[in-house]
Amino acid sequence: QVQLVESGGGLVQAGGSLRLSCAASGRTFSSYAMGWFRQAPGKEREFVAAIRWSAGSTYYADSVKGRFTISRDNAKNTVYLQMNSLKPEDTAVYYCAAGQGGGVTTYGLRAIQGYDFWGQGTQVTVSS
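Basis of the calculations
Residues numbered from 1 in each chain as written. Predicted model: local features only at pLDDT ≥ 70, side-chain atom pairs only at ≥ 80, totals over all residues. Heavy atoms only, no water. Disulfide = S-S within 2.5 Å. Helix = DSSP H or I, 4+ residues; strand = E, 2+ residues; numbered from the N terminus. Buried < 20%, exposed > 50% of the residue type's maximum accessible area, 1.4 Å probe, protein only. Lys, Arg positive; Asp, Glu negative; His and termini not counted. Salt bridge = Lys/Arg side-chain N within 4 Å of Asp/Glu carboxyl O. Polar contact = N/O pair within 3.5 Å; in protein donor to acceptor, adjacent residues only side chain to side chain. Contact = heavy atoms within 4.5 Å. Pairing = 2+ DSSP bridges. Axes fitted to C-alpha atoms, helices over the stretch in contact; angles between N-to-C directions.

## Here's the deal with the state of the cysteines
Within this structure, the stated rule accounts for 1 disulfide. Through a disulfide, cysteine 22 is tied to cysteine 96; the S-S separation comes to 2.0 Å. Torsion about the S-S bond of the cysteine 22 and cysteine 96 cystine: about 60°, corresponding to right-handed handedness. With cysteine 22 in strand 3 (residues 18-26) and cysteine 96 in strand 9 (residues 92-99), the pair connects residues that are 74 residues apart, well separated along the chain.

Printed below as a string of structure tokens:
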């Protein structure tokens, strides 16, 4: 089992920056990929970014490409989401997720169904 705890959310003005962290514990050796998803009020959860834990390959939704950066620190068992040039439409609860490999390889790194474990979420609010 893998436990995930997000932090770093908050209120920021449009154009500002935030860095989200996701600390992983438990059987982290089984994690194949980590992803960030978000869910805005009245909308379904959507893909934001993902990274292969070992290889470091990154993937982004078109809506955040060029503004957000996902990274990982193997020593700290932590993944980050650096968010720059934030827009009001980025307002959402952000969730980190871990995939063990089977689901991710079947459904893809951008699919909710590909991930096995989820954090509790952290609120990001961007004001205009």
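Picking up where we left off.
## Comments concerning the environment of phenylalanine 37
Along the chain, phenylalanine 37 falls in strand 4 (residues 33-39). According to the relative accessible area criterion, phenylalanine 37 is buried, its value standing at 0%. Along the chain, phenylalanine 37 and alanine 111 lie 74 residues apart, while their C-alpha atoms are 9.5 Å from each other.

## Considering the side chain of glutamate 6
Within the element layout of this structure, glutamate 6 appears in strand 1 (residues 2-7). An unpaired buried charge is present at glutamate 6: no salt bridge exists, and arginine 45, the closest side chain of opposite charge, is 7.6 Å distant. A distance of 2.9 Å separates a polar atom in the side chain of glutamate 6 from the backbone nitrogen of cysteine 96. Engagement of the side chain of glutamate 6 in a polar contact is seen with the backbone nitrogen of glycine 121, the distance being 2.9 Å. If we skip the residues at most four places from it in the chain, glutamate 6 touches Ser21, Cys22, Trp36, Tyr94, Tyr95, Cys96, Gly119, Gln120, Gly121 and Thr122.

## Here's the deal with the sheet that holds strand 7 (residues 68-73)
Read from one edge of the open sheet, 4 strands run 1-3-8-7, paired in antiparallel fashion. Each edge of the sheet is formed by a strand with only one pairing partner; in this case those strands are strand 1 and strand 7. Across the sheet, the axes of successive neighbouring strands diverge by a mean angle of 20°, strand direction being ignored. Bridge analysis of strand 1 against strand 3 gives 6 bridges, and the strand direction is antiparallel. Residue pairing for strand 3: valine 2 is matched across the bridge by glycine 26.

## Description of the pattern of salt bridges
Enumeration over the complete set of coordinates arrives at 4 salt bridges. Note that arginine 38 is salt-bridged to aspartate 90, the shortest N-O span being 2.9 Å. Here arginine 38, found in strand 4, pairs with aspartate 90, found in the loop between strand 8 (78-83) and strand 9; they are 52 residues apart in sequence, far enough to count as distant. By relative accessible area, which is 0% here, aspartate 90 ends up buried. Residues arginine 67 and aspartate 90 are paired through a salt bridge, measuring 2.8 Å at the closest nitrogen-oxygen approach. Taken together, the residues span a long stretch of sequence, with arginine 67 in the loop between strand 6 (58-60) and strand 7 and aspartate 90 in the loop between strand 8 and strand 9 at a distance of 23 residues. The class of arginine 67 is buried, set by a relative accessible area of 10%. Each of Arg38, Glu46, Arg67 and Asp90 takes part in one network of salt bridges that share partners.

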